[in-house]
Amino acid sequence: MAQFAVIGLGGFGAAVAEQLMQLNHDVLGIDNEKKLVDNLAESITHAVIADATDEHVLAELNIQNCDAAVVAIGEDIEASILCVLHLKNLGLKKIWVKANSKAHHMILTHLGVDKIIHPEEDMGIRVAQSLSYPMVSRYMALEDNHYLVRVEIKANMHGLRFYELMRHATDIRSILHKRGTSINYTIDPQLILQQGDMLVIAGELHDLRRLSQYFVDDL
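Attention here is on the structure that accompanies the text. Position labels on residues start from 1 in each chain and follow its written sequence. At least 70 in pLDDT is required for a residue's local features to be given in this predicted model, at least 80 for side-chain atom pairs to be given and counted, and no such filter applies to totals for whole chains, interfaces and linings, which use all residues. To get the side-chain values, all heavy atoms of the structure are used, and hydrogens and water are removed first.

1. Considering the overall build of the protein chain
(1) Moving on: A tally of regular secondary structure across the protein chain gives eight helices and 11 strands.
(2) Moving on: Here the protein chain, with 219 residues, has 38% of them falling under the buried criterion.
(3) Moving on: The contact criterion used is simple: two residues touch if any of their non-hydrogen atoms lie within 4.5 Å. Within the protein chain, counting contacts between residues at least 6 apart in sequence, those at least 24 apart form 56% of the total.
(4) Moving on: The accessible surface values rely on the Shrake-Rupley method and a 1.4 Å probe; as for residues, cover is taken only from the protein chains in view. Per element, the accessible surface of the protein chain, about 12600 Å² overall, is 50% carbon and sulfur. Here a helix means four or more residues in a row that DSSP labels H or I, a strand means two or more in a row labelled E, and each is numbered from the N terminus. Burial classes: relative accessible area under 20% of the type maximum marks a residue as buried, over 50% as exposed, and values in between as partly exposed (1.4 Å probe, protein chains only).

Laid out in structure tokens, this is it:
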């Protein structure tokens, strides 16, 4: 179990804080708006009304003892930057920051934060991927044009044997098969696929594209 601070409890910050709680971590949520803090008071470990641009306030909250902080302050770029500077002065180990513009991103780069997040841009990429490849429910970009993807077996593939699917892209590596709550990391080539099954596979983009046409009827 780790300790995380989430500063800024709007839509993005609240989602991060709640997800960290679901992953069994301790979460300190900070915002200067009472309503936003009250909304999460029963959902996370600690929800505090505080001014994150005041270094003394952050120190009193012992934020320096957290394993990492996510600065999710909204449109106030100055407040975001001040908060980051205070966190660095307090010696926080890891700082992730939501950026609201290219200028904000550039400043954060010079401040040396560990990761800069663009929620809207990232979501836009995911939406485009989902429209282009409807069978992909989740994906992770690896290096050298390789991807790890989770795909769902649709009705048109119900009854197909696993090897009959994978012969269309022999360079793709199968990671696991999930049916209901059952997960298998070694997949029998003779496995008969059922609608609703999930597969996690990995490979180069061009191989995944070649395979994608077999997942839905109208790609």
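So, next bit.
2. As for the pairing of strand β4 (residues 68-71)
(1) Moving on: What you see with β4 is no split at all: Ala68 and Val70 on one side and Ala69 and Val71 on the other are buried throughout.
(2) Moving on: Strands pair, by our definition, only if DSSP identifies at least two bridges between them. Here strand β1 (residues 3-7) pairs with β4 via four bridges, running parallel. Its bridge partner being in β4, Ile7 is matched across the sheet by Val71.
(3) Moving on: The sheet contact formed by β4 and strand β5 (residues 95-98) spans three bridges and is parallel. Counterpart to Ala69 in the pairing with β5 is Ile95.

3. Details of the packing of aromatic side chains
(1) Moving on: Pairing of aromatic rings covers Phe, Tyr and Trp, the last through its six-membered ring, and needs centres within 6.5 Å; plane angles under 30 degrees mean stacked, over 60 mean edge-to-face, and all others mean tilted. With the rule as written, the count across this model stands at zero aromatic pairs.
(2) Moving on: The cationic tip of Lys115 hangs over the ring face of Trp96; the distance from NZ or CZ to the ring centre is 5.6 Å. Whether a charge lies above a ring is judged from NZ of Lys or CZ of Arg, which has to be within 6 Å of the ring centre and within 35 degrees of the ring normal.

4. Focus: unusual backbone geometry
Glycine aside, the phi torsion of most residues is negative, and most peptide linkages are trans.
(1) Moving on: At Asn24, a position not held by glycine, the phi torsion is positive, near 70 degrees.
(2) Moving on: Here Asn24 is to be found in the loop between α1 (11-22) and β2 (26-31).
(3) Moving on: In this structure, Asn62 is a non-glycine residue whose phi angle is positive, near 60 degrees.
(4) Moving on: Among the secondary structure elements, Asn62 is positioned in the loop between α3 (55-60) and β4.
(5) Moving on: Residue class for Asn62 comes out partly exposed when judged on its relative accessible area of 41%.

5. Brief notes about helix α8 (residues 205-212)
(1) Moving on: Of all the positions in α8, only Leu205, Asp207, Leu208, Leu211 and Ser212 are classed as buried. Angularly, the buried residues of α8 cover 160 degrees about the axis, an arc narrow enough to put them on a single face.
(2) Moving on: Of the surrounding secondary structure, the elements contacted by the buried residues of α8 are β8 (146-152), α7 (162-166) and β11 (198-204). The directions from the helix axis to the C-beta atoms form the arc being described.

6. Quick word on the sheet that holds β1
(1) Moving on: With respect to topology, six strands assemble into an open sheet ordered β3-β2-β1-β4-β5-β6, the strand pairing being parallel. Strands at the two margins of the open sheet, each flanked by one partner only, are β3 (46-49) and β6 (115-117). The average angle at which neighbouring strand axes cross in this sheet is 15 degrees, direction not considered.
(2) Moving on: Note on geometry: axes are lines fitted to C-alpha atoms, helical ones only across the stretch in contact, with angles between N-to-C directions running from 0 to 180 degrees. Most of the contacts of α1 go to β1, to which it runs at about 165 degrees, and overall it touches β1, β2, β4, β5 and β6.

7. Some points on the environment of Leu90
(1) Moving on: Secondary-structure assignment places Leu90 in the loop between α4 (77-89) and β5.
(2) Moving on: When the C-alpha atoms of Leu90 and Ile63 are compared, they prove to be 8.2 Å apart, with 27 residues separating the residues in sequence.

8. Quick look at the nonpolar core
(1) Moving on: Residues belong to one nonpolar core when they are buried, are Ala, Val, Leu, Ile, Met, Phe, Trp, Tyr or Cys, and are joined through side-chain atoms within 4.5 Å. Formed by 23 residues in total, the largest nonpolar core has its most connected members in Ile7, Ile63, Val71 and Leu87.
(2) Moving on: Mapped onto this core, the elements with two or more residues apiece are β1, β2, β4, α4 and β5.
(3) Moving on: Here this core takes four residues from α4, the largest share from any one element.

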